[in-house]
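Chain by chain, the residues:
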Amino acid sequence: MSHAVHESHQPASLADRVLESTGESAAQCYQCGKCSAGCPLAEEMDYSPSQILHLLQLGTKEMEERALRSEAIWLCLTCETCHSRCPKEVDLAKVMEYLRSESMARGMVNPKAKDILAFHKSFLDCIKYTGRLYEVGLISDYKTRSWHFLQDLTAVPRLLKRGKMKFLPHLIAGRAAMSRIFHLTSQRKDNHE
Ligand code: SF4
Ligand code: SF4
């Protein structure tokens, strides 16, 4: 059985896939709840950070789907507060990031996360093509995806006046390397599917 798993490069459970991709083990968590107590978004989440790990530990198809369909994975700010408090040094932000991409790949994105997903895609595209944050490109792309054309429009003149937004992107020198990273990452993901 383990041979078959090795041959297909397909770990048995979602927790195994998280471990293989991020190095973070859900099994390490002993559910002390310190991460959830310190998480600034826990109250808004449908499952707290420690509950997300518990779903992975339970490991049934139903529990894995609950994690992948949760809103919580999209609300995570990657602030690392949980990581700094965890006695087992579980880096939940990495777990959440992996679950987001898995949720997208399996078409299980929580409908409430529609705008967050639009922003997530716009942000990644921005980094992929310019190598760094390009606010005007990011905002235009996000508005096109989300249809929130008028949102925050009144802030634009102030941002321009203070030089916080540039019309042209600053392109980094290593854009080819950046594209390669995106290419290799998506290839790696495809191999795991
Ligand atoms: S990294 Fe995410 S899960 Fe952890 S404390 Fe911050 S928002 Fe909460
Ligand atoms: S702080 Fe660490 S050990 Fe405690 S519940 Fe959170 S992830 Fe698990």
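Structure first, text after, so check above.
Our subject in this report is the structure included herewith.

Procedures and definitions
Residues numbered from 1 in each chain as written. Chains lettered and ligands numbered in written order. Predicted model: local features only at pLDDT ≥ 70, side-chain atom pairs only at ≥ 80, totals over all residues. Near = placed C-beta within 6 Å. Helix = DSSP H or I, 4+ residues; strand = E, 2+ residues; numbered from the N terminus. Nonpolar A, V, L, I, M, F, W, Y, C, P; charged D, E, K, R; others polar. Axes fitted to C-alpha atoms, helices over the stretch in contact; angles between N-to-C directions. Parallel < 35°, antiparallel > 145°, perpendicular 65-115°, else oblique. Left-handed = near helix turned anticlockwise from the far one by under 90°. Contact = placed C-beta atoms within 7 Å. Core = buried A, V, L, I, M, F, W, Y, C linked by C-beta atoms within 7 Å. Buried ≥ 20, exposed ≤ 12 C-beta atoms within 10 Å, placed from the backbone.

**Side note on the site of ligand 1**
Move 1: In the vicinity of ligand 1, 14 residues are found, and the nearest of them are Cys39, Cys76, Cys79, Thr81 and Cys82.
Move 2: Mapped by element, the contributors of at least two residues to the shell around ligand 1 are helix 7 (81-85) and helix 8 (92-105).
Move 3: At three residues, the largest contribution of residues to the shell around ligand 1 is made by helix 8.
Move 4: Considering only residue class, the shell around ligand 1 consists of eleven nonpolar, two polar and one charged.

**Topic: the site of ligand 2**
Move 1: Taken together, 15 residues surround ligand 2, and among them Cys29, Cys32, Cys35, Ser50 and Cys86 come closest.
Move 2: Counting residues per element, the ones that place at least two in the shell around ligand 2 are helix 3 (34-38) and helix 4 (49-58).
Move 3: In terms of residue class, the shell around ligand 2 is built from nine nonpolar, three polar and three charged.

**Things to note about the packing of helix 4 against helix 5 (residues 61-68)**
Move 1: Where helix 4 meets helix 5, the closest approach of the two axes is 7 Å, and the angle between their N-to-C directions is 150°. One finds that helix 4 runs roughly antiparallel with respect to helix 5. In terms of crossing hand, the pair formed by helix 4 and helix 5 is left-handed. Facing helix 4, whose interface residues are Ile52, Leu55, Leu56 and Leu58, helix 5 presents Met63, Glu64, Arg66 and Ala67.
Move 2: Its residues placed into classes, the contact of helix 4 with helix 5 shows six nonpolar, no polar and two charged.

**Some points on the environment of tyrosine 142**
Move 1: Position of tyrosine 142 relative to the elements: it lies in helix 10 (residues 135-146).
Move 2: Separated by 19 residues in the primary sequence, tyrosine 142 and phenylalanine 123 have C-alpha atoms spaced 8.2 Å apart.
Move 3: Leave out the neighbours within four places in its chain, and tyrosine 142 touches Ala118, Phe119 and Ser122.

**Quick look at the nonpolar core**
Move 1: Ranked by internal contacts, the top residues of the largest apolar core, which has 28 residues, are Ile52, Leu56 and Ile73.
Move 2: Put simply, the parts of the chain that give this core at least two residues each are helix 2 (14-22), helix 4, helix 5, helix 6 (72-75) and helix 8.
Move 3: The contacts of leucine 56, once residues within four sequence positions are left out, are Leu14, Ala15, Val18, Ala26 and Ala67.

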